[in-house]
Amino acid sequence: MFSLSSTVQPQVTVPLSHLINAFQSPKTTFISLSASVSQNHHRDAVPEREAPSSEAVVNLRDLGLSELKVGQIDQLVDSLLPGFCKGKNVSSHWHTSHVSAQSFFENKYVFIQARSFKTLKSRTRRLQSTSERLAETQHIAPSFVKGFLLRDRGTDVESLDKLMKTKNIPEAHQDAFKTGFAEGFLKAQALTQKTNDSLRRTRLILFVLLLFGIYGLLKNPFLSVRFRTTTGLDSAVDPVQMKNVTFEHVKGVEEAKQELQEVVEFLKNPQKFTVLGGKLPKGILLVGPPGTGKTLLARAVAGEADVPFYYASGSEFDEMFVGVGASRIRNLFREAKANAPCVIFIDELDSVGGKRIESPMHPYSRQTINQLLAEMDGFKPNEGVIIIGATNFPEALDNALIRPGRFDMQVTVPRPDVKGRTEILKWYLNKIKFDQSVDPEIIARGTVGFSGAELENLVNQAALKAAVDGKEMVTMKELEFSKDKILMGPERRSVEIDNKNKTITAYHESGHAIIAYYTKDAMPINKATIMPRGPTLGHVSLLPENDRWNETRAQLLAQMDVSMGGRVAEELIFGTDHITTGASSDFDNATKIAKRMVTRFGMSEKLGVMTYSDTGKLSPETQSAIEQEIRILLRDSYERAKHILKTHAKEHKNLAEALLTYETLDAKEIQIVLEGKKLEVR
Ligand SMILES: Nc1ncnc2c1ncn2[C@@H]1O[C@H](COP(=O)(O)OP(=O)(O)OP(=O)(O)O)[C@@H](O)[C@H]1O
Ligand SMILES: [Zn+2]
């Protein structure tokens, strides 16, 4: 690996003013846009309202009986009877004049009607259009208009009657005055009606929106959890039927599946177990690193037995409010017992059942644990409820929880081995389109330590990469790409690396590759690249044939030699004065191996088979003896690497040149180059 010790990360600096502009410009567009929208809206809305109106109508509209003003009456009179008011003193006492017993309608049409009447007819009429009403006025206006006039404004009607008297309107003009007055009133009514209608409509829309809002609030899982948190104690618990998840879906954890098989049998037929007097554990603890399929296994147990599955996460019970966590546990168990046989799964058990009794961050955790313990003690083993807990830190669990009668069965769910990884990769590859040349085992060999979830992610990322590149199928290239991305960070294609550095990197990486290729006990090469990725400028990846449970002395020495290859290449090709800092992580690696060989594996003749755990506490003599041994191992390794590179100088040069041309070479291509053949042009 050619590591980048002091690369300055490119930073994007944007002047503050640019940022402010960037924020303001969309804002202004938005404002101007919304302004234009509202203008349009007005442009549309105004004609609709104004359509049949004229100057007079606008004035008459104000003549709603409740707000009838003397000045306006004058205007009205003036517009209907021009010149009539001129020279006359307008009485300002009309409001207080004596109340006539009859309205002007009664006078005219001799229609006696009780005041304050309100009929359905009148209401419907109000909804009719103004023009229709105007046409009708001649015929039915008396009873209809009167309905409005008399509604509850009797005094005003009488005042109007009086007004005509005080204004001394001549007999001949009185009818015209009255008709004009009635027309104005009707138009005012029509307008008020329209406004009321739209108000009612708006209210209805707002109400419906509010209902939707509340519904959404309750449906949204995040909000509903919050909601439950605050409303308290009656959290709803819904089981999930897990018919579609079975043991078939969980790959590479055969032992765990076997152990859980008997739990499935028990759930399928609890009576069978009771008859024989067998006692099954109440709680099963799944222990393993994140993403290894613990949740999936618990689901599969419920799915295999075809029973309800209750999911809860430990952190859900962890409440700041007294009693809420405990009450949730109570609810969960009550529901489950009512639906036995079933599975309760508590993920992150450590966050509810951890040993943090007096922590101020979790003031009521003790209460919650106690409730959990009480519930677990509270039902009989044959009741048909199985509690499966999952944790990454079993050592953090409260001792009371792992006592017999509670979580008394532990099932380890480890990271998958090479066989398990191959199975998981095959399982997820079958869900996407992949090329026949894809060999899942090669990817499995290069992904030591990956969990099931990480392998699923690897396949998914490869599929995404293939889609982005416009490919029809996923090939090894995409799988390798996503593996490297997960392991070492994304490619840094944008970094401009000058030719000199590129050449150094090419020789450095080829150095590693040559040593790996010509050393008997080294791991086979998988790939060499000079593409910068994460903090490195290039790397060579090696693949163990199998997960290595044990390593031999020869294998450890070979690993050291391969590490040395990079620096040795720099020294041989560019000279001692031009060696670079790029080999630092190679030396870290080699030193670590040498140190473990001496202090832990008993592989140094001088220091024997003794282990030295805390080197700081050793005598100075022993310390220097250890250092001496480590140094010898490293020096010998360096010399071996030098020897190999000198012997294969030609191959070294060819490989470096091929890397400079192609950037990345896979195992086959490296072999072709090292055998002195020509690479096919890609
Ligand atoms: N052994 C496996 N076989 C198939 N798929 C797996 C396996 N392990 C993990 N996965 C995939 O990874 C996802 C996440 O795994 P899961 O949630 O079961 O892990 P977990 O061990 O419960 O993790 P955590 O400890 O973080 O809760 C699963 O939904 C599944 O898609
Ligand atoms: Zn290196």
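Residues numbered from 1 in each chain as written. Chains lettered and ligands numbered in written order. Predicted model: local features only at pLDDT ≥ 70, side-chain atom pairs only at ≥ 80, totals over all residues. Heavy atoms only, no water.

With an unreviewed UniProt entry as reference, the protein is termed ATP-dependent zinc metalloprotease YME1L1, source organism Equus asinus. Per its UniProt entry, the protein bears the Cofactor (unreviewed entry) comment "Zn(2+)". Its UniProt record gives the protein a comment under Subunit (unreviewed entry), which states: "Homohexamer; may also form heterohexamers. Exists in several complexes of 600-1100 kDa. Interacts with AFG1L." (UniProt positions renumbered as here; feature names shortened; annotations may be inferred.)

Caption draft 1: How the structure looks around the overall build of the protein. Of the regular secondary structure elements, the protein holds 26 helices and 10 strands. Looking at the protein as a whole, 43% of its 682 residues are labelled buried. (Helix = DSSP H or I, 4+ residues; strand = E, 2+ residues; numbered from the N terminus. Buried < 20%, exposed > 50% of the residue type's maximum accessible area, 1.4 Å probe, protein only.)

Caption draft 2: Layout of a negative patch on the surface. Together, E255, E259, E262 and D417 make up a region of like negative charge exposed at the surface. Relative to the helices and strands, D417 is located in the loop between β7 (407-412) and α17 (418-429). Residue D417 is classed as partly exposed on the basis of its relative accessible area, which comes to 34%. (Patch = residues over 30% accessible without salt bridge, like charges linked within 9 Å, V, L, I, M, F, W, Y side chains within 5 Å. Areas by Shrake-Rupley, 256 points an atom, 1.4 Å probe, with all protein chains shown as cover. Salt bridge = Lys/Arg side-chain N within 4 Å of Asp/Glu carboxyl O. Lys, Arg positive; Asp, Glu negative; His and termini not counted. Charge placed at Lys NZ, Arg CZ, Asp CG, Glu CD.)

Caption draft 3: Focus on the packing of α17 against helix α19 (residues 452-468). Direction vectors running N to C along α17 and α19 enclose 40 degrees, while the axes themselves pass 9 Å from each other. Regarding the angle of α17 to α19, the classification is oblique. Seen from above, α17 lies across α19 with right-handed handedness. Where α17 abuts α19, its residues R421, I424, L425, Y428 and L429 lie against G452, L455, E456, L458 and V459. Its residues placed into classes, the contact of α17 with α19 shows 7 nonpolar, 1 polar and 2 charged. (Axes fitted to C-alpha atoms, helices over the stretch in contact; angles between N-to-C directions. Parallel < 35°, antiparallel > 145°, perpendicular 65-115°, else oblique. Left-handed = near helix turned anticlockwise from the far one by under 90°. Contact = heavy atoms within 4.5 Å. Nonpolar A, V, L, I, M, F, W, Y, C, P; charged D, E, K, R; others polar.)

Caption draft 4: Spatial organisation of the site of ligand 1. Looking at ligand 1, there are 17 residues lining it, with K251, K294, T295, Y428 and E456 nearest. Contact distances for ligand 1 include 2.6 Å between an oxygen atom and a side-chain N or O atom of E456. Summarising the interface, the protein chains cover 79% of the accessible area of ligand 1, which totals 620 Å² for the free molecule. Secondary-structure elements contributing two or more residues to the shell around ligand 1 are α12 (294-305), α17 and α19. For the shell around ligand 1, a count of residues per class yields 6 nonpolar, 7 polar and 4 charged. Each of domain 1 (247-412) and domain 2 (418-488) gives at least three residues to the shell around ligand 1. (Near = heavy atom within 4 Å. Polar contact = N/O pair within 3.5 Å; in protein donor to acceptor, adjacent residues only side chain to side chain. Domains from an automatic or database assignment.)

Caption draft 5: Layout of the pairing of strand β3 (residues 283-287). By the criterion of burial, β3 is predominantly enclosed, with 5 of the 5 residues buried. Residues G283, L285 and V287 line one face of β3 and the alternating positions I284 and L286 line the opposite face, and both faces are buried. Inspection of the sheet shows β3 paired to strand β6 (residues 385-391) by 5 bridges, in the parallel sense. Its bridge partner lying in β6, L286 is registered against A390. (Pairing = 2+ DSSP bridges.)

Caption draft 6: Geometry of the side chain of S482. The topology assignment puts S482 in helix α20 (residues 476-488). In this structure S482 comes out as buried when scored by relative accessible area, which is 1%. The contacts of S482, once residues within four sequence positions are left out, are L458, Q461 and A462.

Caption draft 7: Region of interest: the packing of aromatic side chains. One pass over the full model with this rule turns up 4 aromatic pairs. Taking 6.0 Å as the distance between ring centres and 20 degrees as the angle between the ring planes, the aromatic pair formed by F309 and F345 counts as stacked. Of this pair, F309 sits in strand β4 (residues 308-313) while F345 sits in strand β5 (residues 342-347); the two residues are 36 residues apart in sequence, bridging distant segments of the chain. Assigned by exposure class, F309 and F345 land together as buried. On the numbers, 5.8 Å between centres and 40 degrees between planes, the contact of Y311 with F345 is tilted. Linking Y311 in strand β4 with F345 in strand β5, this pair joins segments that are 34 residues apart in sequence. Looking at Y311, the relative accessible area reads 33%, which means it is partly exposed. An aromatic cluster of at least three residues, connected via ring pairs, comprises F309, Y311 and F345. Its end group placed over the ring of F481, K465 keeps NZ or CZ at 4.3 Å from the ring centre. (Phe/Tyr/Trp six-rings, centres within 6.5 Å; stacked < 30°, edge-to-face > 60°. Lys NZ or Arg CZ within 6 Å of the ring centre and 35° of its normal.)

Caption draft 8: The arrangement of the confidence of the model for the protein in detail. When pLDDT is averaged across the protein, the result is 74; 67% of the residues are at 70 or more. Put simply, helix α1 (residues 16-50) is where the protein has its lowest mean pLDDT, 34, and helix α22 (residues 553-574) is where it has its highest, 96. Scored below 50 in pLDDT, residues 6-68 shows 33 contacts in the model against residues more than four places distant or in partner chains. On the interface metric, ipTM, the complex scores 0.95, and its pTM is 0.57. (pLDDT = per-residue confidence, 0-100.)

Caption draft 9: The arrangement of the pairing of strand β9 (residues 536-542) in detail. Among the 7 residues of β9, 6 are classified as buried, and the element is accordingly described as predominantly covered. Bridging between strand β8 (residues 525-529) and β9 involves 4 bridges; their strand directions are antiparallel. Residue T529 lies in a different strand from β9, and its bridge partner there is H539. From the end of β8 to the start of β9, which pair antiparallel, there are 6 residues, and G534 there has a positive phi angle of about 55 degrees.

Caption draft 10: Just the nonpolar core, in detail. Membership of the largest hydrophobic core comes to 45 residues, with the highest contact counts inside it found for M560, M597 and L655. Put simply, the parts of the chain that give this core at least two residues each are α21 (499-518), β8, α22, α23 (584-599), α24 (620-647), α25 (649-662) and α26 (667-674). Excluding residues that lie within four positions of it along the chain, M597 makes contacts with R553, L556, L557, M560, G602, M603, S604 and L633. If you look at the next biggest cluster of nonpolar residues, it comprises 29 residues, including L260, V264, A298 and I388. (Core = buried A, V, L, I, M, F, W, Y, C linked by side-chain atoms within 4.5 Å.)

Caption draft 11: Examining the side chain of Q555 more closely. You can see Q555 is positioned in helix α22. Engagement of the side chain of Q555 in a polar contact is seen with the backbone nitrogen of T552, the distance being 2.9 Å.

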